[in-house]
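If you want the building blocks of each chain, they are given just below.
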Amino acid sequence: MNVLVSMEIVLLLAAVAQTSPPPAKSAVPDKAQLEKEFAESLTGATLVGTWQMTGKDGLKGNDPLTEPKPDEYVIAAVTKAGEDLWIVQAKIGFANNDLVVPVPVRVVWAEDTAIITLNDLAVPMIGTYSARVMIHHGVYSGVWYSNVKNYGGVMQGKLVKKPAEKPVEKPAEKPAP
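Residue numbers restart at each chain and count upward from 1, following the sequence in its written direction. It should be noted that, the model being predicted, local features are given only for residues of pLDDT at least 70 and side-chain atom pairs only at 80 or more, the latter also being counted only at that level, while totals for whole chains, interfaces and linings use all residues. Side-chain descriptors were evaluated using all non-hydrogen atoms of the structure, hydrogens and water having been removed beforehand.

1. Side note on the pairing of strand S4 (residues 97-110)
Part 1 of the argument: In the sheet, S4 pairs with strand S5 (residues 113-123) via 5 bridges, with the strands oriented antiparallel. Bridging from a neighbouring strand, Ala110 pairs with Thr113 of S5.
Part 2 of the argument: Between the end of S4 and the start of S5, which pair antiparallel, lie 2 residues, with Glu111 showing a positive phi angle near 55°. Pairing between two strands is assigned when DSSP locates at least 2 bridges connecting them. Segments assigned H or I by DSSP are reported as helices when at least four residues long, segments assigned E as strands when at least two residues long, and all are numbered from the N terminus.

What follows is the structure, given as structure tokens:
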């Protein structure tokens, strides 16, 4: 009896699906508008979230990811340099200094969602990395990996912008007596 009822429900749902109009496609802003919003959302932002790394067997292993660890990426600026080539000016802490390093990335679009792609970027003294990071509605999520070292992980979090600093007002001077 249960199989018969289940089959009737499936047939009913199929009939409704055939007579219902397809869902309306949401309007996607034009690419120029999306790119402007992308650059504005990342310029001066800090990506605040967590990351997890692959287990001891690396990318090809079945070990679970490590426990989440806090993570921050500070972005000084993002500028378009070509058709889908962008330069991310990333602040990197090194030897007690913050260095701003230009990182060339490719940005592709899934409708209104930016996906930052990085392929085999050699970072001196650190390693060679690839990544895919999706940016959507003030949130980021992605994967990173090093085929050379057989490890990688996942990252996620929010884009945080500091509020604009208000100019410091000087107290009114009292006239001299």
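What follows continues from the structure just given.
2. Overview of helix H2 (residues 31-42)
Helical geometry: 3.6 residues make up each α-helical turn, so side chains three or four residues apart lie on a common side.
Part 1 of the argument: Counted at 1.5 Å a residue, the expected span for H2 with its 12 residues is 16 Å, and the 17 Å between its end C-alpha atoms agrees.
Part 2 of the argument: For each residue, the accessible area found with a 1.4 Å probe, counting protein chains only, is set against the maximum for its type, and the residue is called buried under 20%, exposed over 50%, and partly exposed in between. For H2, the complete set of buried residues consists of Leu34, Glu35, Phe38, Ala39 and Leu42. Considered in projection along H2, the buried side chains sweep an arc of 130° and stay on one side of the axis.
Part 3 of the argument: Looking one or two residues past H2, Gly44 carries a phi angle of roughly 75°, positive in sign. Here the expected span of a helix is defined as 1.5 Å times the quantity of residues minus one. It is the directions from the helix axis to the C-beta atoms that the arc portrays.

3. Focus on the packing of aromatic side chains
Part 1 of the argument: Pairing of aromatic rings covers Phe, Tyr and the six-membered ring of Trp, with a centre-to-centre limit of 6.5 Å; geometry is then stacked below 30 degrees between planes, edge-to-face above 60, and tilted otherwise. Within this structure, the stated rule accounts for 6 aromatic pairs.
Part 2 of the argument: Relative to Trp86, the ring of Phe38 lies with its centre 5.0 Å away and its plane at 85°, an arrangement referred to as edge-to-face. Of this pair, Phe38 sits in helix H2 while Trp86 sits in strand S3 (residues 85-94), and the two are 48 residues apart along the sequence. Exposure class is identical for Phe38 and Trp86. Each is buried.
Part 3 of the argument: Measuring from centroid to centroid gives 6.2 Å for Trp51 and Trp144, while their planes differ by 65°, and the two rings are edge-to-face. Of the two residues, Trp51 sits in strand S1 (residues 45-53) while Trp144 sits in strand S7 (residues 139-146), which places them 93 residues apart along the sequence.
Part 4 of the argument: Judged by its relative accessible area of 14%, Trp144 falls in the buried class.

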